[in-house]
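# Observations on the model geometry
Each chain, written out:
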Amino acid sequence: KERKVIDDARDQPLDKRVRFSLRLLESDSTYKDIVVRKKDGFTQILLSTRSTYNNTLNREVMNEVKSALEIAAVDDSKFVLLSVVGSVFCCGLDFDIIVKHLKYNRKRASVKLEDTLKNFVNFFIVFMKPVIVSVKGPAIGLGASILPLCDVVWANEKAWFQTPYTRFGQSPDGCSTITFPKIMGRAAANEMLINGWKMNAQEACDKGLVSQVFWSETFTQEVMVRIQITSCNSFVLENSKALVCYNMNVELKQANERECEVLKKIWASAQGMEYMLKYVQNKIDAF
């Protein structure tokens, strides 16, 4: 039986053999903070962070997600489904880890953090295949701002969205300075990015951050039923996405560059460090 699988792979054209090998490599690989499942026609990436709390993002988590996307970009997956294990989607950057790194060498650590964040966001900007996101529970900070860089966003009724950057002592990230005003208008974007408005799932749907909201009890089933592009042609899917994103990509990359540059300055400053340390020491666990 094993011999038959190997022979079948050898009988395929070179490009299909490469994709076959990548799929085997991916299925055999292990991640610490994410779970990758190869489904029929797509790749599912689930946040399941062990090294952070409430699916926050540190350098290791972001690099693992980026690695899984890199493989999905060149294997036979037609699209990516991004979801989570548990009831919390993503609580943004891990400020506990950021403060820990910045304590020793602010300038050096801020450069490394900026580079990781910028590459992570840029990969979502340039990723050629469709990305569908299913959001359960809170999506905070980068966990919310990354959503407009994806192609379809579904949420359950218990999901909520917040970008309280000023409370963290941070500036916006994830290209939200461009995407939020375009999606929901300047006034609502300022409520989110500056005033930290907490938006429930239906409000997020009304404002265009989320495309559909489903009941929590049947959310997973609803998502799987609505994934109907597995039968579509990969070439058509990728070129359709390219047409939709063509006019935005340069603007998004520039926004990411500006946002990361400002964050680097905040992280490298004594005032920024003091504010973040104060937040980490006084934060209240809301979950």
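Residues numbered from 1 in each chain as written. Predicted model: local features only at pLDDT ≥ 70, side-chain atom pairs only at ≥ 80, totals over all residues. Heavy atoms only, no water.

An unreviewed UniProt entry lists the protein under the name Chromodomain Y-like protein, with Saguinus oedipus as the source organism.

## Let's talk about the overall build of the protein
Broken down by element type, the protein carries 14 helices and nine strands. Considering the protein as a whole, with its 287 residues, one finds that 48% of them fall into the buried category. Long-range contacts, defined as pairs at least 24 residues apart, comprise 74% of the intrachain contacts of the protein with a sequence gap of at least 6. (Helix = DSSP H or I, 4+ residues; strand = E, 2+ residues; numbered from the N terminus. Buried < 20%, exposed > 50% of the residue type's maximum accessible area, 1.4 Å probe, protein only. Contact = heavy atoms within 4.5 Å.)

## Focus on the pairing of strand S1 (residues 34-38)
As judged from the five bridges shared by S1 and strand S2 (residues 42-47), these two strands associate in the antiparallel manner. Note on S2: the bridge partner recorded for Val35 is Leu46. (Pairing = 2+ DSSP bridges.)

## A word on the state of the cysteines
The full count for this structure, using the stated rule, is zero disulfides. In this structure Cys175 is not part of a disulfide, and its nearest cysteine sulfur, from Cys260, lies 8.0 Å away. Classification of Cys175 by relative accessible area gives buried; the value is 0%. (Disulfide = S-S within 2.5 Å.)

## So, the packing of helix H5 (residues 106-126) against helix H13 (residues 249-268)
One can describe the packing of H5 onto H13 by two numbers: an axis separation of 9 Å at closest approach and a directional angle of 160 degrees. In terms of orientation, H5 and H13 fall into the roughly antiparallel class. Pair H5 / H13 crosses with right-handed handedness. Seen from H5, the contacting residues are Arg106, Lys107, Ser110, Val111, Leu113, Glu114, Leu117, Lys118, Val121, Asn122, Ile125 and Val126; seen from H13, they are Asn249, Leu252, Lys253, Asn256, Glu257, Cys260, Glu261, Leu263, Lys264, Trp267 and Ala268. A breakdown of the residues in the contact of H5 with H13 according to their chemical character gives eleven nonpolar, four polar and eight charged. (Axes fitted to C-alpha atoms, helices over the stretch in contact; angles between N-to-C directions. Parallel < 35°, antiparallel > 145°, perpendicular 65-115°, else oblique. Left-handed = near helix turned anticlockwise from the far one by under 90°. Nonpolar A, V, L, I, M, F, W, Y, C, P; charged D, E, K, R; others polar.)

## Structural notes on unusual backbone geometry
Even without a glycine there, the phi angle at Asn54 is positive, about 55 degrees. Within the element layout of this structure, Asn54 appears in the loop between S2 and helix H3 (59-74). The class for Asn54 is buried, based on a relative accessible area of 16%. Of note, the phi angle at Asn55 is positive, near 55 degrees, even though the residue is not glycine. Since its relative accessible area comes to 6%, Asn55 is described here as buried.

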